[in-house]
Amino acid sequence: MTRWRGIRAVLFDLDGTLVDSAPDLGHAADLMRQRRGLPPLDEAYYRPRASSGARGMIEAAFGVTPEHPEFEAYRMEYLDTYGQVLTRRTRPFDGVAELIAALDRAQVAWGVVTNKVERFALPLTAAIPLFATAATVIGGDTTPHSKPHPAPLLEAARRLELPPEACLYVGDDERDIVAGRAAGMPTVAARYGYLGVAADVEAWAADAIIESPQALLNFLDLA
């Protein structure tokens with residue numbers, strides 16, 4: 001088993017890695033369906049698409065893709081709707097609180113690097129007590145580029161005043177692993193997350209794969 005030494009910070013994706021936001025992401029899409037006289041869809045249908053954000057939810061709920069002429073109107077409506085419900089049922093995954101407590105005890109810094117824009121990422125993390133000890137929260141529009149570009153991860157390392165190689169990145173989407181590798185960080189794929197439809201996690205070439213949040217501790221030397 002790989003066990004990293006010299007890791008001074010752990011950076012996490014947000015949706016599907018630290019928090020289960022699928023109930024609220026799907027609820028926003030269902031509210032749009034309701035306005036159009038359509039029945040709600042099962043949460044399990046939305047869940048694997050949650051890591052794709054507004055694009056994934058719109059495609060799941062309406063079959064509308066970015067190439068559709070009305071996609072932008074759907075996207076704006078979805079974002080406004082999601083902003084009204086984003087903290088109603090979103091909760092940390094089981095085991096995340098224990099993982100964060102272990103990092104805090106070991107005085108290992110931790111933070112968030114997400115493609116969720118700051119408009120949602122900042123109020124969401126502010127509303128959940130778990131994030132009180134987060135050293136930084138980087139949103140999808142904090143830098144000019146979002147993942148899979150490495151810029152957000154490099155910005156997080158800069159804010160932590162650490163070299164990228166001293167930071168570990170954990171995510172549940174292939175874009176997370178691509179971004180982490182491009183930034184020069186060890187990467188861990190969270191198989192318990194949303195993963196996307198028909199994801200082949202082994203093919204992402206992450207340095208490690210975990211089945212639960214607390215399993216990450218098996219790869220860290222916190223002594």
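Residues numbered from 1 in each chain as written. Predicted model: local features only at pLDDT ≥ 70, side-chain atom pairs only at ≥ 80, totals over all residues. Heavy atoms only, no water.

Quick look at the pattern of salt bridges
Two side chains with opposite charge may pair up if their charged atoms get near one another. Rule in force here: A pairing counts as a salt bridge when a side-chain nitrogen of Lys or Arg comes within 4 Å of a carboxyl oxygen of Asp or Glu. Whether a residue is buried, partly exposed or exposed follows from its accessible area with a 1.4 Å probe, protein chains only, as a fraction of its type maximum: under 20%, in between, or over 50%, in that order.
Counted under the stated rule, the structure contains 15 salt bridges. R175 serves as the salt-bridge partner of D173, at 2.9 Å between the closest nitrogen and oxygen. In this structure R175 comes out as partly exposed when scored by relative accessible area, which is 25%. One network of salt bridges, in which partners are shared, links D13, K147 and D176.

Here we look at the nonpolar core
The nonpolar side chains of soluble globular proteins are, as a tendency, buried together. The test is simple: Only buried Ala, Val, Leu, Ile, Met, Phe, Trp, Tyr and Cys residues count toward a nonpolar core, and they belong to the same one when joined by side-chain atoms within 4.5 Å. Here, two residues are considered to be in contact whenever any of their heavy atoms come within 4.5 Å of each other.
Counting 56 residues, the largest nonpolar core has F12, Y78 and L216 as its most contacted members. Look past the residues within four positions of F12 in its chain and what remains in contact with it is T17, L18, L99, I100, L103, W110, G111, V112, V113, Y169, V170 and L216. Core analysis: the next-biggest nonpolar cluster, separate from the first, contains 14 residues, L11, L153, A156 and A157 among them.

So, the side chain of T17
Stated precisely, the cut-off is as follows: Under the DSSP-based scheme used, a helix requires at least four consecutive residues in state H or I and a strand at least two consecutive residues in state E, with every element numbered from the N terminus. In protein, a polar contact means a hydrogen-donor-capable atom and an acceptor-capable atom, both N or O and within 3.5 Å, with residues adjacent in sequence counting only if both atoms are side-chain atoms; elsewhere, any N or O pair within 3.5 Å suffices.
Its location among the elements puts T17 in the loop between β1 (9-12) and β2 (19-20). Residue classification places T17 among the buried positions, given a relative accessible area of 0%. A polar contact is formed between the side chain of T17 and the side chain of D13, at a distance of 3.4 Å.

Some thoughts on the sheet that holds β1
Test applied: Strand pairing follows a simple DSSP-based rule, namely that at least 2 bridges must link the two strands. In this analysis, axes come from line fits to C-alpha atoms, helices being fitted only over the stretch in contact, and the angle between any two N-to-C directions falls in the range 0 to 180 degrees.
The 6 strands lie next to each other as β5-β4-β1-β6-β7-β8, forming an open sheet whose pairing is parallel. The open sheet is flanked by β5 (136-138) and β8 (208-210), the only strands paired with a single partner. Between one strand and the next, the sheet's axes are offset by a mean angle of 25°, whatever the strand orientation. Sheet topology note: the strand β7 (residues 187-190)/β8 ladder contains 3 bridges and is parallel.

As for helix α4 (residues 71-85)
What counts, and what does not: To estimate the expected span of a helix, count its residues, drop one, and scale the result by 1.5 Å.
Taking 1.5 Å of rise per residue, the 15 residues of α4 would be expected to cover 21 Å, and the 21 Å separating its terminal C-alpha atoms lies within 8% of that figure. Its buried side turned inward, α4 meets α1 (22-35), α3 (53-62) and α6 (118-127).

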